Amino acid sequence: MGAGFVLSQSCDIVVAGDGAQFGYPEARIGVTGGGGTYIASRVPTKVAADLLLTGRFYTATRAREAGLVSEVVERGKALALARELADQIADNHGPSVRLLKALIDRETQTTTAESAQFLGLLKAHTSDSSRLQVSKGLKGLKGA
């Protein structure tokens, strides 16, 4: 679940079905792959702290309110809207789209690159696999 959430945050536009949940449960299970640095560089600090430190999950609607999701649609309609948005982008002026995409990347990637330097530190402090045996784990996913 955490890896899927991190992957969604690497996308420029995220379309979610209304039944989707978003979260980073690593604090609950005692490990981290460092994806938290990626999330923390892309959302407001308060949202990142809430998700990363509590390990709770957001509904698709709450994720949209927090800026994690672009659009929420009926279950089963996300792919159709994502394709429609991709077609709209493809129909736009190519050089302008590339320039705007470069601007977005420059503004978001700098923090990510700097945050990635802390990945070794994160892994060093969460490598104790015995923690997994006493963790609450992923119980209560619906308690977002």
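Remember, predicted model here, so these are calculated numbers, not experimental data.

Rules used throughout
- Numbering of residues begins from 1 in every chain and follows the order in which that chain's sequence is written.
- With the structure being a predicted model, the display of local features is reserved for residues of pLDDT at least 70 and the display and counting of side-chain atom pairs for 80 or more, all residues being used for whole-chain, interface and lining totals.
- Side-chain descriptors were evaluated using all non-hydrogen atoms of the structure, hydrogens and water having been removed beforehand.
- In this description a helix means any DSSP run of H or I spanning at least four residues, a strand means any run of E spanning at least two, and both kinds are numbered starting from the N terminus.
- Working definition: with a 1.4 Å probe on protein chains only, accessible area under 20% of the residue-type maximum means buried, over 50% means exposed, and in between means partly exposed.
- For our purposes a nonpolar core is just a set of buried Ala, Val, Leu, Ile, Met, Phe, Trp, Tyr and Cys residues, chained together by side-chain atoms within 4.5 Å.
- Any two residues whose heavy atoms approach within 4.5 Å are treated as being in contact.
- For this analysis, a salt bridge means a side-chain nitrogen from Lys or Arg found within 4 Å of a carboxyl oxygen belonging to Asp or Glu.
- Here a polar contact means two N or O atoms within 3.5 Å. Within protein one must be a hydrogen donor candidate and the other an acceptor candidate, and residues neighboring in sequence count only if both atoms are side-chain atoms.
- As a per-residue measure, pLDDT tells how confident the predictor is, with possible values from 0 to 100.
- By this rule, a helix spans an expected 1.5 Å times one less than how many residues it contains.
- Each C-beta atom gives one direction from the helix axis, and the arc is the one those directions make.

J.: Break down the side chain of Gln9 for me, citing the residues and quoting the values.
T.: Relative to the elements of secondary structure, Gln9 occurs in helix α1 (residues 2-9). Classification of Gln9 by relative accessible area gives buried; the value is 8%.

J.: Tell me what's going on with the nonpolar core, and back it up with residues and numbers.
T.: Ranked by size, the top nonpolar core spans 19 residues in total, and within it Phe5, Phe22, Ile39, Val47, Tyr58, Leu68 and Val69 carry the most contacts. Looking at this core, the elements with two or more residues in it are α1, α3 (35-40), α4 (45-54) and α5 (60-65). Excluding residues that lie within four positions of it along the chain, Leu68 makes contacts with Phe5, Gln9, Val14, Val43, Val47, Leu51, Tyr58 and Ala63.

J.: Which residues make up the pattern of salt bridges, and what are the values?
T.: Per the stated rule, a full pass over the model turns up four salt bridges. Two residues, Asp12 and Lys101, come together in a salt bridge whose shortest N-O distance is 3.1 Å. With a gap of 89 residues between them, Asp12 in the loop between α1 and β1 (15-17) and Lys101 in helix α7 (residues 94-116) connect regions that are remote in the sequence. The exposure class of Lys101 is partly exposed, given its relative accessible area of 31%. Between Arg62 and Glu65 there is a salt bridge whose closest N-O contact spans 4.0 Å. Taken together, the residues Arg62 and Glu65, both in helix α5 and three residues apart, mark about one turn of the helix.

J.: Requested: an account of the environment of Arg56, with residues and values cited.
T.: Summarising the element assignment, Arg56 is placed in the loop between α4 and β3 (57-59). Sequence-wise, Arg56 and Pro25 are 31 residues apart; in three dimensions their C-alpha atoms are separated by 6.7 Å. Side-chain polar atoms of Arg56 contact the side chain of Asp50, separated by 2.7 Å.

J.: Summarise the confidence of the model for the protein chain; cite the residues concerned and give the values.
T.: Counting all residues, the mean pLDDT for the protein chain is 80, and 72% of those residues have values of 70 or more. Confidence, read as mean pLDDT per element, is least for helix α9 (residues 131-134) in the protein chain (44) and greatest for strand β4 (residues 71-73) (98). A low-confidence stretch, residues 130-141 (pLDDT under 50), is modelled with 19 contacts involving residues beyond four sequence positions or located in other chains.

J.: Pulling in residues and values, what's your account of helix α6 (residues 78-91)?
T.: Relative to the 20 Å expected for 14 residues at 1.5 Å per residue, α6 spans 20 Å between its end C-alpha atoms, a close match to the ideal helical length. For α6, the set of buried residues is Ala78, Leu81 and Leu85. Around the axis of α6, the buried residues are gathered within 70° of arc, so they sit on the same side. When the buried face of α6 is taken as reference, the exposed residues oriented beyond 90 degrees from it are Leu79, Ala80, Arg83, Ala90 and Asp91. Looking at the buried positions of α6, the neighbouring elements they touch are β1 and β4.

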